Amino acid sequence: MIATPASFTPLLQPIDAAQTRTFAFRGNEILVREPELAFPDAQATAALGLAEARLLPVGLHDGVYCQAAWLEKDFQPRDGFAFRGLRSLFGSLDEALLAIAGRAFQVADWARTHRYCGVCARPMRREPGERAMKCECGHVAYPRISPAMMVLVKRGEAILLARNVAAPPGRFSALAGFIEPGESVEDAIHREVREEVGIEVKDLRYFASQSWPFPGSLMLAFTAEYAGGEVKPDTTEIAEARWFGPGDALPQLSPSQSISRALIDANLPRR
Ligand SMILES: [Zn+2]
C-alpha cells in the first residue's frame, strides 16, 4: 500500500538543502528523465525557467528538498526528459517516491486551479506558513480532499467482490464510493452498498486509509458483515458482483499498491 515514508517531513516554506528534487506536472503527467526515471534536480529545475509562483514546497525526504511544479499544457521536455502518466509509474518507481509524487501532484494541481479567486476572479496569492491561497476579498482556498469509502462485505468466510463497469475486463474489487455532503462515512457505506448491490450490512470495522491523488481522494477502507438482502448489481456502476468463498478461484484484483488489494488480502476466505 502506498504511504508517505517515515523519512519524509512536510514543508510549507522552501528550505536550503544540498539536493533538490522537483515533481513537475503537465496535467496528469509528470516530468522524468528517461530511462532511469529520475526527477529534475536543482539545475534541471532552473532550466525549466519557471516563475516562483509555480514552485511549491512539498517536504524533505532523506535530506532532499522536494517541491512540486506545474507546467503549461504545451510545455515540451528537453535534455532526455519526457512526460509519463503518474499512474503508469506504479510498479516501476520506488513506492516512497511514488507517495511523495502523489502528494506533489495534489499540491501542484491545487495551485494551478486556484490562481484566481472563485468568488471575485481576482488573482490569488499564497498565504505564508499555510497551505492556502488567499484573495484580497477575503476568500481563502485550501487543497480540497474528497473522502471516499471502500467496504469489503463478508458473509461467514465469503467476501463480496464486484466488477465496476469502468474496470478492466475481469478485474474485481471491494465496493467504493464518494461520501456525499451531510453524510458520515457510515451513512455512505450503508447507502452505497444498498445502491450498488441491493444488500444491507452491519458491524462496520475500520481497516485503514490511503491518500489517492487522482485527483484528491482520501480512501477510508472498512469491512462489514452481511445483514440481509439478495445481491443484485445496479448495472450502472456495478456490472457484476459475486461471493467468493473458501476454495473459490479469486478473480483478477487491483494492483498491490492499492488499499483495495490490501483490504482483500487481509480478509481472504480461509478454508
Ligand atoms: Zn476574491
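Below is a summary of the structure that appears in this document. Since we're looking at a predicted model, the values are computed, not measured.

Each value, and the rule that gives it
Residues numbered from 1 in each chain as written. Predicted model: local features only at pLDDT ≥ 70, side-chain atom pairs only at ≥ 80, totals over all residues. Heavy atoms only, no water. Salt bridge = Lys/Arg side-chain N within 4 Å of Asp/Glu carboxyl O. Helix = DSSP H or I, 4+ residues; strand = E, 2+ residues; numbered from the N terminus. Buried < 20%, exposed > 50% of the residue type's maximum accessible area, 1.4 Å probe, protein only. Donors = N, O, S within 2.8 Å, 3.2 Å for Na, K, Ca; no water. Tetrahedral: all angles 85-135°; square planar, octahedral: opposite > 155°, others 65-115°. Pairing = 2+ DSSP bridges. Phe/Tyr/Trp six-rings, centres within 6.5 Å; stacked < 30°, edge-to-face > 60°. Lys NZ or Arg CZ within 6 Å of the ring centre and 35° of its normal. Axes fitted to C-alpha atoms, helices over the stretch in contact; angles between N-to-C directions. Contact = heavy atoms within 4.5 Å.

What follows covers the pattern of salt bridges. According to the stated counting rule, one finds 16 salt bridges in the structure shown. Here Asp 109 and Arg 112 are joined by a salt bridge, their closest N and O atoms 3.0 Å apart. Remark: Arg 112 and Asp 109 occur in helix H2 (residues 95-113); sequence separation between them is three residues, near one turn of the helix. Among the residues examined, Asp 109 registers a relative accessible area of 18% and is labelled buried. Take Arg 112: its relative accessible area is 31%, and that puts it in the partly exposed class. The partner of Arg 122 in a salt bridge is Glu 136, and the shortest N-O contact between them spans 3.3 Å. Placement of the pair is Arg 122 in the loop between H2 and strand S7 (125-126) and Glu 136 in the loop between strand S8 (133-134) and strand S9 (140-141), with a sequence separation of 14 residues. Given the relative accessible area of 35%, Arg 122 is considered partly exposed.

This paragraph deals with the coordination of the zinc ion. For the zinc ion, every protein donor is listed as Cys 117 (SG), Cys 120 (SG), Cys 135 (SG) and Cys 137 (SG), and the spread of their distances is 2.3 Å. For the zinc ion, the four donor atoms are set out with angles of 99 to 118° between them, so the coordination reads as tetrahedral. Exposure remark for Cys 117: the relative accessible area of 5% places this residue in the buried category.

Pairing is antiparallel across the open sheet formed by three strands, whose spatial order is S7-S8-S9. Here the strands that pair on one side only, and so sit at the sheet edges, are S7 and S9.

Now for the packing of aromatic side chains. Inspection of every chain in the model, using the stated rule, returns nine aromatic pairs. Look at Phe 23 and Phe 39: their rings are 4.7 Å apart centre to centre, the planes differ by 50°, and that puts the pair in the tilted class. With Phe 23 in strand S2 (residues 19-26) and Phe 39 in the loop between strand S3 (29-33) and helix H1 (42-46), this residue pair connects regions lying 16 residues apart in the sequence. Note on accessibility: Phe 23 and Phe 39 belong to one class, buried. Feature note: the residues Phe 90, Trp 212 and Phe 214 constitute an aromatic cluster, connected by ring pairs. Sitting above the plane of the Trp 70 ring, Arg 54 keeps its charged end 3.8 Å from the centroid. Between the NZ or CZ atom of Arg 155 and the centre of the ring of Tyr 226, over which it lies, the distance is 3.9 Å.

With that settled, the discussion passes to the sheet that holds strand S4 (residues 55-61). With mixed pairing, the six strands of this open sheet are ordered in space as S1-S4-S5-S2-S3-S6. The strands lining the two open edges of the sheet, one partner per strand, are strand S1 (8-10) and strand S6 (81-85). Along the sheet, successive strands turn relative to each other by an average axial angle of 35°, direction set aside. Its contacts with the sheet put H2 on S1, S2, S3, S4 and strand S5 (64-70), and the angle it makes with S4 is roughly 160°.

What follows covers unusual backbone geometry. Glu 34 connects to Pro 35 through a cis peptide bond whose omega is 0°. Looking at where Pro 35 falls in the secondary structure, it is placed in the loop between S3 and H1. Even without glycine at this site, Ala 121 takes up a positive phi of about 70°. Note that Ala 121 resides in the loop between H2 and S7. A relative accessible area of 54% places Ala 121 in the exposed class.

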